[in-house]
Amino acid sequence: MLPSISIYLLLLLVVIFLAEMIHSYKEEKQLYTGKDTLESVLIGTGFFISTLFSKLVMIYAFQAVYKYHIFNFKERWFTWVLAFIAADFSYYLYHLVSHKVNWFWASHVVHHSSEEFNIAVAFRLPWIKHLDGDFIFWIWMPLFGCSIFMTLLTMQLVHIYQGFLHTKLVGKLHPVVEYIFNTPSHHRVHHSSNLEYLDKNHGGVLIIWDRLFNSFKAETVTPVYGLTKKMVANKPFKVVFQEWKEMFVKASKTHSFKLAFYYIVKSPGWSHDGSSLTVKQMRQQDDQAKNIGIINTGA
């Protein structure tokens, strides 16, 4: 059942991708560029192949933990609802940490590498997913008694749902929907490189987690997509591994175990010499510049 659901949803996403691309060319909306789209498809193909093997690591870890499960949840409709909410909250935590810890960002950056925003961007996923240990954010589910099947399926549904959010063609939805669920509008903010949008809207299916934990930002200005630091690489292999390479190179050049460790666990952009900045530091710098401007103008 799990493979069937995944395949059907993936096929639906591919159909929507083709439909959006055809619509874009017919209406001259310029949502797609050949080079960027090809890169997204190649990265997605690499992910699909690699995840056939890397997913085994995650399943093995879940099985090992499930042997010691605390409770025994039977598969009833309400336990499925609870499991889905648990999987979605776990995704929020994982996604938040992926933007706060360099180790996980090195994988997640692949998804933010495009300067376009369309369904094809949903295919930009890391080739070492699960091998970087991202499954630890869901491992508490089988420990508490969710079956392996229930855990994997709810995880998959949360992940695949977001593939459909990568579009400019859908505007803001009904206010109730926008308040509760992650929508294309909210996800456009997440993929933006605008300073006010950075590290916002980490939710999977539900956006209420961002509202609860103060990481929500509504779409008010047109987003500029991509990274604050452009990737020099244009080849899929380099896009996938460039951040990992840079992280380990910087860590090795410090000749200090402590500083090297910081390059792995601190926020993306952290540097011991100030050569690059974190999002928090960029915002502080921007606030200082605004304050100086106010003082100079006498406002």
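Before reading further, recall that the structure is shown in the block above.
First, a word on what this report is: a plain description of the structure on this page. (Residues numbered from 1 in each chain as written. Predicted model: local features only at pLDDT ≥ 70, side-chain atom pairs only at ≥ 80, totals over all residues. Heavy atoms only, no water.)

1. Some thoughts on the overall build of the protein chain
Part 1 of the argument: Looking only at helices and strands, the protein chain features 12 helices and 0 strands.
Part 2 of the argument: Each helix and strand of the protein chain, ordered N terminal to C terminal, gives the series α-α-α-α-α-α-α-α-α-α-α-α.
Part 3 of the argument: Based on the C-alpha atoms only, the size of the protein chain along its principal axes is roughly 65 × 55 × 40 Å.
Part 4 of the argument: Counting over 299 residues, the protein chain shows a buried share of 46%.
Part 5 of the argument: Considering only contacts in the protein chain between residues 6 or more positions apart, those separated by 24 or more positions represent 72%.
Part 6 of the argument: As displayed, the protein chain offers around 15900 Å² of accessible surface, 67% of which is attributable to carbon and sulfur atoms.
Part 7 of the argument: Both charge centroids of the protein chain, one from 28 positive and one from 21 negative side chains, sit 5 Å from each other. (Helix = DSSP H or I, 4+ residues; strand = E, 2+ residues; numbered from the N terminus. Buried < 20%, exposed > 50% of the residue type's maximum accessible area, 1.4 Å probe, protein only. Contact = heavy atoms within 4.5 Å. Areas by Shrake-Rupley, 256 points an atom, 1.4 Å probe, with all protein chains shown as cover. Lys, Arg positive; Asp, Glu negative; His and termini not counted. Charge placed at Lys NZ, Arg CZ, Asp CG, Glu CD.)

2. Considering the nonpolar core
Part 1 of the argument: The biggest cluster of nonpolar side chains holds 24 residues, and the ones touching the most others in it are M58, F62, W138 and M141.
Part 2 of the argument: When residues of this core are traced back to their parent elements, those giving at least two are α2 (34–66), α3 (77–98) and α6 (148–163).
Part 3 of the argument: The element best represented in this core is α3, accounting for 6 residues.
Part 4 of the argument: Judged by nonpolar contacts, the second largest core, of 10 residues, contains I43, F47, V110 and V240. (Core = buried A, V, L, I, M, F, W, Y, C linked by side-chain atoms within 4.5 Å.)

3. What about the packing of α3 against α6?
Part 1 of the argument: Relative to each other, α3 and α6 sit at 55°, their axes nearing to 9 Å. Here α6 runs oblique to α3, going by the angle between their axes. Crossing of α3 against α6: the hand is right-handed. Two secondary-structure elements touch here, α3 through T79, W80, A83, F84, A87, D88 and Y91 and α6 through F149, M150, L153, T154, M155, L157, V158, H159 and Q162.
Part 2 of the argument: For the contact of α3 with α6, the residue count by class is 11 nonpolar, 4 polar and 1 charged. (Axes fitted to C-alpha atoms, helices over the stretch in contact; angles between N-to-C directions. Parallel < 35°, antiparallel > 145°, perpendicular 65-115°, else oblique. Left-handed = near helix turned anticlockwise from the far one by under 90°. Nonpolar A, V, L, I, M, F, W, Y, C, P; charged D, E, K, R; others polar.)

4. Describing α6
In an α-helix, one turn spans 3.6 residues; hence positions three or four apart end up facing the same way.
Part 1 of the argument: Along its 16 residues, α6 runs 23 Å from first to last C-alpha, staying within 8% of the 22 Å computed at 1.5 Å per residue.
Part 2 of the argument: Along α6, the residues that are buried comprise I148, M150, T151, L152, L153, T154, M155, V158, I160, Q162 and G163. (Expected span 1.5 Å × (residues − 1).)

5. So, the pattern of salt bridges
Part 1 of the argument: Going through the model one piece at a time under the given rule, you end up with 7 salt bridges.
Part 2 of the argument: For R124, the salt bridge identified is with D36, shortest N-O distance 3.1 Å. Taken together, the residues span a long stretch of sequence, with R124 in the loop between α4 (102–108) and α5 (140–144) and D36 in helix α2 at a distance of 88 residues. Here R124 matches D36 in class, with each residue buried. (Salt bridge = Lys/Arg side-chain N within 4 Å of Asp/Glu carboxyl O.)

6. Re the packing of aromatic side chains
Part 1 of the argument: The full count for this structure, using the stated rule, is 26 aromatic pairs.
Part 2 of the argument: Centroid distance W244 to F248: 6.1 Å. Interplanar angle 20°. Geometry classified as stacked. Taken as a pair, W244 and F248 lie in helix α10 (residues 236–253) at a separation of 4 residues, close to a single helical turn.
Part 3 of the argument: On the basis of relative accessibility, which here comes to 8%, the residue W244 falls in the buried class.
Part 4 of the argument: In this structure, R211 packs its charged tip against the face of F216, placed 4.0 Å from the ring centre.
Part 5 of the argument: The aromatic ring of Y262 is capped on one face by K266, whose charged end is 4.7 Å from the ring centroid. (Phe/Tyr/Trp six-rings, centres within 6.5 Å; stacked < 30°, edge-to-face > 60°. Lys NZ or Arg CZ within 6 Å of the ring centre and 35° of its normal.)

7. Topic: the packing of α10 against helix α11 (residues 257–265)
Part 1 of the argument: α11 packs onto α10 with a crossing angle of 160° between their chain directions and a minimal axis gap of 7 Å. With respect to α11, the element α10 is oriented roughly antiparallel. For the crossing formed where α10 meets α11, the hand is right-handed. Residue-level contacts link M247, F248, K250 and A251 of α10 to A260, Y263 and I264 of α11.
Part 2 of the argument: Taken together, the residues of the contact of α10 with α11 break down into 6 nonpolar, no polar and 1 charged.

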